[in-house]
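Coordinate inspection notes
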Amino acid sequence: MAVTTRLTWNEEKSLQKLLGNVSLRLLYKSSVHGHTSFSLLDRCQLQGSTITILYFYNKIIGVFIPGHYPAPGKEFTEPIPSFCFSFQRNKATEMAIAVLEAEVKIASGQLTFCSFDQEMFCIDSSKTKLSIHPLLSSELGVHISSDLTYLENEVFRVEGIKDDTTYMLKVTRASKQRNQLLAELRAFKPKVDLISEICILLLGPVGSGKSSFINSVKSVFQGRLTRQAIVGSDDTSITEQYRIYSVKDGKDDKYLPFMLCDSMGLHEEEGVGLCVDDIPHILKGCVPDRYEFSPHKSITPDHPMFIASPSLKDKIHCVAYVLDINSISSITSKEVAKFKEVQKEVLSCGTALVVLLTKIDKCSEILQDNFLNVNNSMTSQSQIIEVSKMLDIPIYNIFMVENYSSELELDPLKDTLILFVLRQMLRIVDDILEDLPLETGRKAGRKSNARDKKWT
């Protein structure tokens, strides 16, 4: 009879994604193979990188070990870049992660992780006990006053993992930062109470990655890849309608307080792509969702879909120029002139303006070891300086991002960059909204309240 894991399908997929979309092969199950260190080592030694999982009534705690299990009586004399994790059963997307650079050894039947001569994490197979250092337990969200008794111990071989330990450090730190960013964005509320949702408009040439960015943001919050916005790659814009996309959180199926707006691609020639005369109306909130663009004629106030009296919360609060980082050097003077024409309208409306540089080759090279300084690592890129000079946009408002395109699974590194860029845009918008004249906010509030009552 085949030995099967206690992990649910979703829990196993979450762990696979955490490790870089690897495969997990079950080597040892304590209830089948025995609660002894001998039986564990007999099945797990010389198997390469492993992940050890302990099951409790409502929680799972685990540890990743790169390389082979240590032999009894021996230890890794140099700290290895392992990590611990924990999550509530059936809530693997809310995983807590703690990077653990420690010496690993097996002595007296116990698998022990030590850091600076302190025992941080210890599994006693014969007694089915787990002990965790208070600092580590706090980081994992496990509040204990004594050793924990686990129900089951499973060990998996991790197949398809990269040998680069630096990459693994980046993945685990990215996963930790990703979870922190997700929590921050889920709790986000605009500083101006009268605005319930921040509207972000994406503008850029055809094929630059506008629709892909929308799909990428929605995918991260859904916890799976989704492609709601249609993506094109040829010289003709696939997006012909003005679309306003809400972002639903897969955690609780609630809509988040920001929306992403898609439009036709900009083109250097007149009569091709988005009509520049449409942009002021879009910025002011006069263009509704699913309005059909015409490259030759902009929307007018007598159009049946024209919104004559938009409120502050209907307008665009942030414009993001989306540019392919590999095509910066080929941007023509006509395209630059059109961007600057749009820029004047954006600034006259008091709207935030940022640039997203897409299609970077390897986001793992952009993300430095210290994820708290990810912004500094980005702004050191030469392409950002080039774009800043070309468009007269401050360096701190230019970001690199790698969208999802042909992937089948989410990647913690890409997620981290996508969420970081989104958070920075929302912070920039908040700064601008906070600077609004008080009277403007009051007027917007009266209009918004009146409109809300109309629909109730």
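Residues numbered from 1 in each chain as written. Predicted model: local features only at pLDDT ≥ 70, side-chain atom pairs only at ≥ 80, totals over all residues. Heavy atoms only, no water.

Our working definition: UniProt positions are given in the numbering used here, feature names are shortened, and annotations may be inferred rather than shown by experiment.
Looking at an unreviewed UniProt entry, one finds the protein named Interferon-induced protein 44-like and attributed to Panthera pardus. We quote the UniProt Sequence similarities (unreviewed entry) comment for the protein here in full: "Belongs to the IFI44 family." Taken from UniProt, the Subcellular location (unreviewed entry) comment for the protein reads in full: "Cytoplasm".

1. Details of the overall build of the protein
Under the convention used in this document: By definition, any uninterrupted DSSP run of H or I lasting at least four residues is a helix, any uninterrupted run of E lasting at least two residues is a strand, and each is numbered from the N terminus. Three labels apply to residues, based on accessible area from a 1.4 Å probe with only protein chains included: buried if under 20% of the type maximum, exposed if over 50%, partly exposed otherwise in between. Contacts between residues were defined by any pair of non-hydrogen atoms, one from each residue, lying within 4.5 Å. Using the Shrake-Rupley algorithm and a 1.4 Å probe, accessible areas are obtained, with residue cover drawn only from the displayed protein chains.
Within the protein, the secondary structure is distributed over 13 helices and 17 strands. Going through the 456 residues of the protein one by one, you find that 54% of them count as buried. Considering only contacts in the protein between residues 6 or more positions apart, those separated by 24 or more positions represent 68%. Here the protein has roughly 21200 Å² of accessible surface; of this, 49% comes from carbon and sulfur atoms.

2. A short note on helix 12 (residues 412–434)
As a reminder, the rule being used: Take the residue count of a helix, subtract one, and multiply by 1.5 Å to get its expected span.
The end-to-end C-alpha distance of helix 12, which contains 23 residues, comes to 32 Å, matching closely the 33 Å that a straight helix rising 1.5 Å per residue would cover. Most of helix 12 is tucked away: 19 of the 23 residues are buried.

3. Describing the packing of aromatic side chains
As a reminder, the rule being used: For Phe, Tyr and Trp, rings pair up if their centres lie within 6.5 Å, where Trp contributes its six-membered ring, and each pair is then called stacked (planes under 30 degrees apart), edge-to-face (over 60) or tilted (otherwise).
For the structure on display, the rule yields 9 aromatic pairs. Between Phe83 and Phe85, the aromatic rings sit 6.3 Å apart at their centres with planes inclined by 50 degrees, giving tilted as the arrangement. Here Phe83 falls in the buried class, since its relative accessible area comes to 0%. According to the relative accessible area criterion, Phe85 is buried, its value standing at 0%. Between the aromatic rings of Tyr242 and Phe293, the centroid separation amounts to 6.2 Å while the plane-to-plane angle is 75 degrees, which identifies the pairing as edge-to-face. Residue Tyr242 is located in strand 12 (residues 241–249), and its partner Phe293 is located in the loop between strand 14 (291–292) and strand 15 (318–324); the two are separated by 51 residues in the primary sequence.

4. Re the sheet that holds strand 2 (residues 50–55)
Put simply, the test is: DSSP calls a pair of strands paired once it identifies at least 2 bridges connecting them.
Spatially, 10 strands are ordered 1-10-2-3-4-5-6-7-8-9 in an open sheet, and the strand pairing comes out antiparallel. A single partner strand is all that each edge strand has here, and the edge strands are strand 1 (23–29) and strand 9 (148–149). Direction of pairing for strand 4 (residues 80–88) relative to strand 5 (residues 96–107): antiparallel, over a ladder of 7 bridges. Among the inter-strand pairings, Phe83 is bridged to a residue of strand 5, identified as Val99.

5. Observations concerning the environment of Pro257
By the element assignment, Pro257 lies in strand 13 (residues 254–262). Between the alpha carbons of Pro257 and Ile198 there is a distance of 6.3 Å; along the sequence they are 59 residues apart. Those residues within four positions of Pro257 in sequence are excluded, and the remaining contacts are Phe188, Pro190, Ser196, Glu197 and Ile198.

6. As for the pairing of strand 7 (residues 118–124)
Of all 7 residues making up strand 7, 5 are buried, and the element is well covered by its neighbours. Pairing of strand 6 (residues 110–115) with strand 7 involves 6 bridges; the strand directions are antiparallel. Its bridge partner being in strand 7, Ser115 is matched across the sheet by Gln118. With antiparallel pairing between neighbouring strands as the criterion, strand 6 and strand 7 make up a hairpin whose turn holds 2 residues, including Phe116 at a positive phi of roughly 50 degrees. Strand direction decides the pairing type here: strand 7 and strand 8 (residues 129–132), joined by 4 bridges, are antiparallel. Opposite Ile123, over in strand 8, you have Leu130 as the bridge partner. Here strand 7 hands over to strand 8 after 4 residues, with Thr128 in that stretch at a positive phi of 50 degrees.

7. Quick notes on the pattern of salt bridges
We apply this condition: Within this document, salt bridges are pairs made up of a side-chain nitrogen of Lys or Arg and a carboxyl oxygen of Asp or Glu, the two lying within 4 Å of each other.
Summed over the entire model, instances satisfying the criterion amount to 14 salt bridges. For Asp249, the salt bridge goes to Arg186, with nearest N and O atoms at 2.8 Å. Of this pair, Asp249 sits in strand 12 while Arg186 is found in helix 5 (residues 165–186), placing the two residues 63 residues apart along the sequence. In this structure Asp249 comes out as buried when scored by relative accessible area, which is 2%. The salt bridge involving Glu402 is made with Lys414; its shortest N-O contact spans 3.6 Å. With a gap of 12 residues between them, Glu402 in the loop between strand 17 (398–400) and helix 12 and Lys414 in helix 12 connect regions that are remote in the sequence. What makes Glu402 buried here is its relative accessible area of 12%. Residue class for Lys414 comes out buried when judged on its relative accessible area of 6%.

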